[in-house]
Structure formats: C-alpha cells, structure tokens
Amino acid sequence: MERRDFLKISAATGAVAALEGCGNPDHQLIRFVPEEDMLPGLATWKPSICTLCPAGCGMLVRVMQGEAEVVRNGQLGILKMGLPKKLEGNPAHPISHGRLCPRGQAGLQVTYHPDRIKTPLARSGPRGSGQFQEITWDEAMKQLLSHLTALQTSNEQGKIGFLTSPLRGQRKTIVHGFAAALKAAPPIEFAFLASRTIQEANAWSFGSDALPTVDLSHSNYLISFGADFLGTWNSPVAQSVGYGHMRNGRTGQPGKFVQVESRISQTGASADEWIPSQPGMDGVFALSLAHVILSEKLGTAGAAGHAGALIAGWSEGLPDYAPAAVEKQIGVPAATISRIAREAAANAPAVALIGDGPAAHTNGFFNALAVNALNAVLGSVGKPGGIVFSPVWTSQSGKPGAAEGKKDGESSVRTLAEQIHATPDSVKVLLVDGANPVFATPMAWRVREAFEKVPFIASFGSFIDETTVLADLILPDHSPLESWLDDSPESGSTKTVASLAPPAMQPLHNTRSMPDVLLDLAHQLGGPVAAALPWKTYDDALKIAFSSLQKQKGSVSATDADDFWTKVKDQGGWWSAEDKSVSLAAGKIPAAAVKNTAPQFDGSPDQFPFHFLPFASQLCYDGSLAHLPWMQESPDPLSTVMWGTWVEMNPRTAEKLAIKQGDTIEVASQHGSLRAPALIAPGIAPDVIAMPIGQGHTNFTRYASGRGANPISILAPMVESGTGSLAWAATRVKISHISEGKIVMFGASLTDASPELKHR
Amino acid sequence: MAHQWGMVIDLDRCTGCAACVVACHAENNISTVGEDQAARGRAKHWIRVERYYEGEFPDVRVKFMPVLCQQCDAAPCEPVCPTFASYHTIEGLNGQVYNRCIGTRYCANACPYNVRFFNFYNPEWDKPLNLQLNPDVSVRSVGIMEKCTFCVQRIKASEIQAEAEKRAVKDGEIQPACVQSCSPHAMVFGDLSDPQSEVSRLARSSRGTKLLGELGTQPKVTYLQRESWHGAENA
C-alpha cells in the first residue's frame, strides 16, 4: 500500500468513527442563519431569575457564542447562538446581592439536560408506562382544546383542574385568570416545602400571611428553632449574606447563634451552641424562654402585643412554662433554658426563627405562634436586627381580581385526591405545571391512584417525572433561561422587589412558554376566556404590568414608557428606593387564646421506637433537583454522600442494633417501608432517625431514576391540627438490619483524620 | 513586582453550603464521573467542604473547612514532576501544563492537601450538557492531572483588561468562581504583594492560620479560625 493511500483510508475511517461517536453526522446538518450578532469569545451578561426555590434570587447569565444542534420547523440543524455558560447572582438585586446557592448555580443543567422533553408528546402506551409518541404543536393544541371545549359544551368546566407549583407575578395572573374565565376549579399550588403553617401563624400573630424577612446583619442574638436558614429555608442567599455580616462583618461583638433541633442540620453546624430538644416541643421551649424573660422582668407581657395575647396564660406570665416544670418535656436542662433567655434579653436585638421541621408536627401551628410571641417579647418584630414583613408588589396587569393572594399548602392536593376517590367523575381534565405530588406526598394519600382515575391529564412539564408520566398529553414548557420571567418575592429584602427577565437564550428544543400556550388557548376558546386574557403574548402582559411601576420611586428612572421598559429589562427588574416593612395589622383574633396540645405521633413507641425526621436536602432540595448531575455528584456538606441517600442515626443506636456504616437497613412505619444505607453520625438524638428528601425517584431522568429511597413515601397521613398541613415530622418508625451495603462518600476518611490534622 | 495571588477563608463565616463546589464545576469544566467512579474515589472536586464533628451527643460541634489547592510557595507537587507540567508561575500559582502532563501522578502523591485529581477516563457530557462548557477553560483528557487554578482564566482576563485600559488591577476586581458565589463572604481573593489589599489585611489577622503550615509548604491560602462567642453570659 502506498503511504498516500494509507493516509486516505485512515482519514476516511477516522471520520466515520468520529461521526458514529457523535450520533449526528455534523457535516450533514444544515446550518441555520444566526438570529443575533455575537462576537466569538466575548461574554455578555444577561439578567435572569432563579426559579428553583421560592426565594427568587436575581441572577446574571454569562452568555457566549456557541453552536447548538436545534430543531427549527421540523428540521435538525446547527445554529450559531448565544449559550448560557455560567449563572451568578445579580449584584444589583436586593435578594441575591450578587451571590447564589449551590442549587441556583446548577440551574444551567436544567436547560441543557439530555432528558428534557424536546417536543409535544401524546401517550401511546398504557398510562404510566412512559411510552409516548412525538406530535406537532398543532395536534397537541387541538387535542387539549377539544377536551376543554367538550367540557364547556356540556357545562362541566368545574371539572377542569389545574395543579401547579407555587406561582407569583404575572404567571400567576395568567394561570388563575385562565382558570377563572374558563369557570374551571381554582388552581391548586403545590410544593412539599410550602411553609404554610408558618405563614398562617404569621397571619394570626402579625397580620401578614408571609414568611418573614430576617435582618441578620444587625442581630446580636439568634435563636433558630429548626430553621435551615443557611441552606433551604425561606431566602437562604439573602440570609447567608446577613449571617456573614452578623458573624464578622461589623465592628464590635459578633452575634451569637443558637440552633435548637433534634438532628444537626447544615445550618445548625454553624451554631455557637447546638441544643437538641424533643421533637415537637419547640413551642414549649420558646414559651419557657418567654417565661424567664417575663418573670425576671427582662421584658413585659404588654410588649408582645397581639402576638403574645394569642397565647393562653401570656398575661399571667406563662405560669405553666417555668423551666424547671418543662425541662423533662423539652429535654433541655432548666439551667440552659434560663441562661439562653437571659443572654437573648441582654443582647438586643435578639431574634427567633422557626423552620419547617418544628412546624410539621401536629402542634406545629402552636409552635409557630409561640416563637412569634417570643419574638414579640424580645422586641424584634418590625425592627432592625429582627424580623420584618416585606411589602410585596401585587400589580395584576391592570386586571384587578384576576388573581387572589390565595396560598395553598400541600394539603390541597390531599383534598383533591380525596375528592377524586369519592367522586371519580369530579375531575375530567387535569392540567399540571411544575408540581410533582405523586413523588412528594405520602403513599397513604393515594395521589397516584387518584390521578389514574382522571380521564385526561395534560402536563406542561419539561421532564418525565412521577406525575408527568401519568399524562396523556405533554406540552413542554421552555426552560427558565429560555423564558420571559417575572417574580415578586415575599421575603428576603425590605425593598419591594419586582424581578423581570427576558429570555437569556433562544429555545433549544421544540417547546413553548406555558403562559403563551394558555394565552393561545384563551384566544382559540374565544368568548369570555379571550376577553379575560386580552394580551397577545406573555411579554405584552409583563410590559403592561410593569408600566405601573414607572411613577413610583425606585431603582429605575426613565424618560418615557419605552425607556422604562428597556431599563427594567436590562437591570433584571425594579425595586423600591426605600427600605420599608409593611405595617403590622392586628392579626387574626381567635375565639380563645391558643393552648398547647402535646404533639401526636403515628405509631406506638413500643413498636416504633424512633422519631422519623425527613429534611430538605441541601443539593436536591425537595427532590425536584435530583435530576441534575452536579447536584448528584456534589457531596452533601454534612454527610459527604454522593449519588445517593442515607439513613442517619446516632452511634449509640447503631451500636445497639449492630449496624455498621453503609449497611443496608430497613425503615418501616405503619404505612410503608424503605431500604437505604446507614450513616452513623454524632449530631442526632439516639431516638431519632433522619433522612434527606430528594432521592428515591422511580421516574425522573437517567440521573435520578431508581436511586435511593423516598422518605416522604412512608410518612403517616398526620396533619397539623389547625392548618391541615401535612405533619411530616410526626411519624414513628422501627429499623432493622438487612445486609451489608454500600454508601458513596467523598470524605469517607475525614472522620478518621488525626486531631492535629483538624484546624484549630 | 509581580502579583502574588492569595486567598483568605474565614471559617467563622463559612456555612458549608457548597455553593463554591458547584460554582467551581460550572466555571472550570470539571466533568462528573458517575456513581461507580465516585465510589472508587475518582470524583473531581477542585474545592471541597471538609466537615469535622467534635464531641459526642448532645455536646456536638461541627466545623466546616473549604479546601482547595493552597498554591504553596514551596509546593511539594512541583519538584517531583518529571516533565515540568507542575511548575511555579511568576505570579505564585502552582501551574499545571496539561500538554506536558504524562500522568505519573507523582504530584498527587506528593501533595499533602489531596487537591489534585486524575482523569481516569476521558470526560463525557451527555448531549447537550456539553453546551455548558466554558470556552475559556480547556477540557482535560484521560491520563491528565488537574487541579484548582485560582480561576487563572479570570485572572488573565482582568489583567488584560487592565492593561488595555492602562491601569493597575483593582483590589477585589478578580473573583475566582468560588469567591464570587460565597454568600456569607467567607472567601476573599487578592494580591498578597500589595500590603493594602483586603486579602493582605485579613491574612495578617490574629485568627490567621495555615493548613498544615508546619510542613513548610508556605500556602497562599490563610484560614481565619472560628471564634467562640464570648458575650455577656449570665448577664
């Protein structure tokens, strides 16, 4: 063979091998005409909003030119386009302050996920089988319209259900406006970590149905009852910024941080003093602190105002809550209680927080009211260094009444499931957007079984998850980076915040923005529905809504409406010039002052000796981020576990049951059981078993499916007695050793480090 | 005088949230290796959060410590490299020239901080995850050692920008991805050769300590120890 021939052949075979490796022969793809001018190698920064949790952090997206395989008009080709490369906090944004949490950083992988739904799908196999066939948008819209008009004709619009993740801003206006105009059932907003009990308690104590904004940067003393405020609760980035300031960012004394919980959380790990207490006794603990403050005249009963008056026995100085009387109940020595109370009173401003765990007991509402009363007597409500309630922007695109300020807890899904089980005919069409209750509700609620009875389910989901897999029709939404976004967060800043972001990139796939699909549907339905949603596109609605802000004093000054709109888009939103907290109304007045009831637990202590404590995962959050490879491979900060889940237990518990690190154990409640590897750690009470929420997906992309176990599935259907929210910390379990197992930890050797290796 | 890039990490502020870990992955094209490889200790995290439990229930304390390449002035990883892939840059960084690296892994053995990571396989990104790759950072192939660079691409970008504008690099202008993401501002980056820079000022703190400083590696990362609260107890 001539050398020249050899080179020819090897070049040809090499090229074929490379093509096979890539899947799509690049040279056969057509190249689309780029729609925007970008200089190669130069980055531009575009504002966006993180939608992965309710905090609503403002982001900047680093966009650079790249080549992406995209489908346009049914044709696969290569498009030179702006591609997001990195997400960072927007320094001008009053909530993120230029920072982001690990979950926010990983938002890129939502857009670029290989298992995103790329085009509309119609179910082609049995329901739940995951078999779908690709259809066009025209067909998909026709199918959905025919189901909606059929119910309109038979006057059964009330049998149209709409299930979404929590909504805010104009997206909420459009979803609720659509449902109302269609005379459908009011949309249900579902999230596992909805904090409804805390919000309702705040409505009672302070007249504000919202989570508080915490001004940690000015606090001198912080008592947190199970609030994971540096990780997953409320507005973690804003709170972490404030926390850094409280620890070391100002002259004088750093603030002290006390954490009360039965399993040390990522937040509790930073505490100066970590106090383990009995599950469900946070309210008693808070009132015992208040008792000391009142009896030692470190504060007056009247100072607590309405929040104090709600609590039975408050004006008498809480005689039932003397530390010596309740120390056994709480599991904390009386001397410690008295000392903490005195320290807090002496180090004003002192603030108390209550997180989702303590509120997820049968007496969670009382726990939250008690902590509110403690805050009030500490004088921290509405004050610098305390908690304030943020003024929320509630423009409704000039359509008043389109969206109520209604908030749903997770219990609304239970009601829906019960309704379907009782009268299967009561929901004929279910529209689902972003919520995954089949994963995030206890098996005992039988949500999956209920949805299986619904004749027609349409989903706007971007991924096949446990709920979307039941859909008959999928109309995939854009990813957040491809969408117009707006948000008006309820906490995290004392400014009024109205975030806005144009798409940071063109869509990669054959998807459509959900609000635009609803507007399109409304126009096609005509009549009152079209009249109620007069905007041509979602961004039209946004422009009209934001125009009302031009007259107000804020971060944008503009000459005319177009100038204002351009500047708001460039800045990533509008925020008020002044820091303001809403003036506190009197709150709700109950018939009688609220008394404590002992927390109830499902399962007898003899048969089920352990409290079962699920907790939000720092990386996978409530499970909705388990599909992102960065979240799977990043080690959990406390356990260092990667790509999996664990059951956390005290070394004494493990020793008693002869369980070694990584052994597979079975956790059983009265309502189900699961298997997962054991993780032995000292920061948990011996009678508590803890487990992160997030893993255990049966159907959620290649990265999360069939990985670990889901603690929510075995929870008892216990509810908070006042609010009806799921009491997800009120289940008792037993554990048994199954076999040797495996646990993947990044820092497996860290616990063995010799003392001199540890930092001082 | 050349810049001497350094970092201060305030352990009093660090909350162990792991934002730095993910930010580093995103910025530096660090590939994920999957569960099986991770179980064999082959996951690559240029920065990690070390966690230490102290004490027994109920008197438990936890300490977090982010650990990344300490960019030592007397770096044990450099002299052992037979191909000069590990070398000391004029600005004091422990550089790694991927083209020179032949994968002896001597440097990883010599490093007392365990912050060098070997590519046992060619990195893979399931399409279209490859679109997230940062064009400013090279992708490392199989057989190559990789490590924290203090985000040298960001350092260079700022230096070039400053030069074009005929000015010096401003203090705080350069933020590696980890520093940029840190919500409680636990991490500060800057020029140690400028005594007025924030990083120099903080590095002189009485709380300052070097990780394994007794080995004589002369790290350019200074950790500020946690302070226990010493307020008015039993006031």
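Residues numbered from 1 in each chain as written. Chains lettered and ligands numbered in written order. Predicted model: local features only at pLDDT ≥ 70, side-chain atom pairs only at ≥ 80, totals over all residues.

Time to look at the overall build of chain B. When you go through chain B residue by residue, the secondary structure sums to six helices and 10 strands. Its C-alpha radius of gyration of 19 Å places chain B within 12% of the 18 Å reference for a compact globule of 235 residues. Referenced to the eigenvectors of the C-alpha coordinate spread, the extents of chain B come out at roughly 60 × 50 × 40 Å. Among the 235 residues that make up chain B, the fraction classed as buried is 48%. Looking at chain B alone, contacts between residues at least 24 apart form 61% of all its contacts between residues at least 6 apart. (Helix = DSSP H or I, 4+ residues; strand = E, 2+ residues; numbered from the N terminus. Rg over C-alpha atoms; globule rule 2.2 N^0.38 Å. Buried ≥ 20, exposed ≤ 12 C-beta atoms within 10 Å, placed from the backbone. Contact = placed C-beta atoms within 7 Å.)

Moving on, we come to the overall build of chain A. Secondary structure summary: chain A contains 22 helices and 26 strands in total. Here chain A has a C-alpha radius of gyration of 27 Å; the compact-globule value for 760 residues is 27 Å, and the two agree. For chain A, the spread of C-alpha atoms along the principal axes amounts to about 90 × 70 × 60 Å. When burial is assessed residue by residue, chain A has 61% of its 760 residues classed as buried. Expressed as a percentage of contacts within chain A between residues at least 6 apart in sequence, the contacts between residues at least 24 apart total 75%.

Residue and element names in this part refer to chain B. As for its position among the elements, L192 is in the loop between β8 (187–191) and α6 (198–203). Residue classification places L192 among the partly exposed residues on the basis of 19 C-beta atoms within 10 Å. Taking the C-alpha atoms as reference, L192 lies 7.2 Å from H3; in sequence the two are 189 residues apart. Setting aside residues up to four positions removed in sequence, L192 forms contacts with Q4, G6, V199, S200, A203 and K220.

Another aspect to go through is the pairing of strand β25 (residues 688–692) of chain A. Residues and elements named next belong to chain A. A large share of β25 lies buried, amounting to five of its five residues. Of the two faces of β25, both are covered, the one formed by V688, A690 and P692 as well as the one formed by I689 and M691. Where strand β21 (residues 610–615) lies against β25, five bridges are found, and the strand directions are parallel. If you follow L613 over to β25, its bridge partner there is A690. (Pairing = 2+ DSSP bridges.)

This brings us to the interface of chain A and chain B. The interface is formed by 70 residues belonging to chain A together with 62 residues belonging to chain B. Counting only elements with at least two residues in the side of chain A that touches chain B, the list comes to β3 (58–72), β4 (75–89), α2 (102–105), α3 (108–111), α7 (236–248), α11 (334–346) and α20 (629–633) of chain A. For the side of chain A that touches chain B, the element with the highest residue contribution is α7(A), accounting for seven residues. When its residues are assigned to classes, the side of chain A that touches chain B shows 36 nonpolar, 20 polar and 14 charged. (Nonpolar A, V, L, I, M, F, W, Y, C, P; charged D, E, K, R; others polar.)

What follows deals with the domain arrangement of chain A. All names here are of chain A. Splitting chain A by domain gives domain 1 (1–25), domain 2 (26–111), domain 3 (113–194 + 408–477), domain 4 (196–388) and domain 5 (610–752). On the side of domain 5, eight residues touch domain 2, which itself brings seven residues to the contact. When contributions to the side of domain 2 that touches domain 5 are tallied by element, the ones reaching two or more residues are α2 and α3. Grouping the amino acids of the side of domain 2 that touches domain 5 by side-chain chemistry returns five nonpolar, one polar and one charged. (Domains from an automatic or database assignment.)

This part takes up α11(A). All names here are of chain A. Along its 13 residues, α11 runs 18 Å from first to last C-alpha, staying within 8% of the 18 Å computed at 1.5 Å per residue. Looking at α11, one finds that the buried residues are I337, S338, I340, A341, E343, A344 and A345. In the core, the buried residues of α11 are packed alongside β10 (221–225), β11 (256–260), α8 (282–295), α10 (323–330) and β13 (350–354). (Expected span 1.5 Å × (residues − 1).)

Let's shift gears to the sheet that holds strand β1 (residues 30–31) of chain A. Pairing is mixed in the open sheet, where four strands are placed in the order β1-β4-β3-β2 (chain A). Strands with a single pairing partner mark the edges of an open sheet, and in this sheet they are β1 and β2 (44–49) of chain A.

What follows concerns the confidence of the model for chain B. Confidence in the prediction of chain B, expressed as mean pLDDT, is 94, and 97% of residues score 70 or more. Here the predicted complex carries an ipTM of 0.96, next to a pTM of 0.93. (pLDDT = per-residue confidence, 0-100.)

We now examine the confidence of the model for chain A. Residue and element names in this part refer to chain A. Summarising the model, chain A shows a mean pLDDT of 91, and 93% of its residues fall at 70 or more. Contacts for the low-pLDDT stretch residues 10–22, under 50 throughout, to residues beyond four places or in other chains number one contact. Confidence over residues 397–404 falls short of pLDDT 50; this stretch has 18 contacts with residues more than four positions distant or in other chains.

Moving on to unusual backbone geometry. Note the cis peptide between A348(A) and P349(A), where omega equals -10 degrees. Mapped onto the elements of the fold, P349(A) is located in the loop between α11 and β13. Residue K127(B) is joined to P128(B) through a cis peptide bond whose omega torsion reads 0 degrees. As for its placement among the helices and strands, P128(B) is situated in the loop between β6 (116–118) and β7 (145–147). Unlike most non-glycine residues, R105(B) shows phi in positive territory, near 65 degrees. Positionally, R105(B) belongs in the loop between β5 (94–96) and α3 (106–110).

Let's shift gears to the sheet that holds strand β1 (residues 5–10) of chain B. Hydrogen bonds between backbone groups are what pair the strands of a sheet, and the pairing can be parallel or antiparallel. Residues and elements named next belong to chain B. What the four strands build is an open sheet, ordered β8-β1-β10-β9; its pairing is mixed. Two strands close off the open sheet at either side, each with one partner strand: β8 and β9 (208–209). Here five bridges tie β1 to β8, and the two strands are oriented antiparallel to one another. Within β8, the residue paired with W5 across the bridge is D191.

Another aspect to go through is the nonpolar core. All names here are of chain A. Core analysis: the biggest nonpolar cluster contains 306 residues, and L289, L369, A373 and I689 have the highest contact counts within it. With 10 residues, helix α13 (residues 364–377) is the single largest residue contributor to this core. Those residues in contact with A373 that sit more than four places away from it in its chain are A290, A304, A307, G308, L310, I311 and W314. (Core = buried A, V, L, I, M, F, W, Y, C linked by C-beta atoms within 7 Å.)

This next bit is on the packing of helix α4 (residues 137–153) of chain A against helix α16 (residues 514–525) of chain A. Residue and element names in this part refer to chain A. Between α4 and α16, the least distance of the axes is 11 Å, while the angle of their chain directions is 55 degrees. Judged by the angle between their axes, α4 and α16 are oblique. As for the relative orientation of α4 and α16, their crossing is right-handed in sense. On α16, the residues that touch M141, L144, L145, L148 and T149 of α4 are D520, L521, Q524 and L525. Considering only residue class, the contact of α4 with α16 consists of six nonpolar, two polar and one charged. (Axes fitted to C-alpha atoms, helices over the stretch in contact; angles between N-to-C directions. Parallel < 35°, antiparallel > 145°, perpendicular 65-115°, else oblique. Left-handed = near helix turned anticlockwise from the far one by under 90°.)

This next bit is on helix α19 (residues 561–571) of chain A. Residue and element names in this part refer to chain A. Among all positions of α19, only F564, W565, V568 and K569 are buried. Down the axis, α19 shows its buried residues gathered within 130 degrees of arc, on one side only. Turned more than 90 degrees away from the buried face of α19, the exposed residues are D562, T566 and D570. As for α19, its buried residues are in contact with β19 (497–501), α18 (538–547) and β20 (573–575). Remark: G572 follows α19 within two positions and exhibits a positive phi of approximately 90 degrees. (Arc of directions from axis to C-beta.)

Our focus in this paragraph is the pairing of β13(A). Residue and element names in this part refer to chain A. β13 sits mainly inside the fold: five of its five residues count as buried. Every second residue of β13 is oriented toward a common face, with A350, A352 and I354 on one face and V351 and L353 on the other, all of them buried. Of the strand pairs in this sheet, β10 and β13 are connected by five bridges, and their pairing is parallel. Its bridge partner lying in β13, Y221 is registered against A350.

Here the focus is the packing of α10(A) against α11(A). Residue and element names in this part refer to chain A. For the pair α10 and α11, the least separation of the axes is 8 Å and the interaxial angle reads 110 degrees. Here α10 is positioned roughly perpendicular relative to α11, judged by the angle of their axes. Relative to α11, α10 is oriented so that their crossing is right-handed. Here α10 contributes P323, A324 and E327 to the contact with α11, which in turn contributes A334, I337 and S338. Class assignment for the residues of the contact of α10 with α11 results in four nonpolar, one polar and one charged.

Before going further, it helps to spend a moment on the environment of M187(B). Residue and element names in this part refer to chain B. Relative to the helices and strands, M187 is located in strand β8. Taking the C-alpha atoms as reference points, M187 and T222, separated by 35 residues in sequence, lie 9.9 Å from one another. With sequence-adjacent residues up to four places away left out, M187 is seen in contact with M7, I9, C178, V179 and C182.

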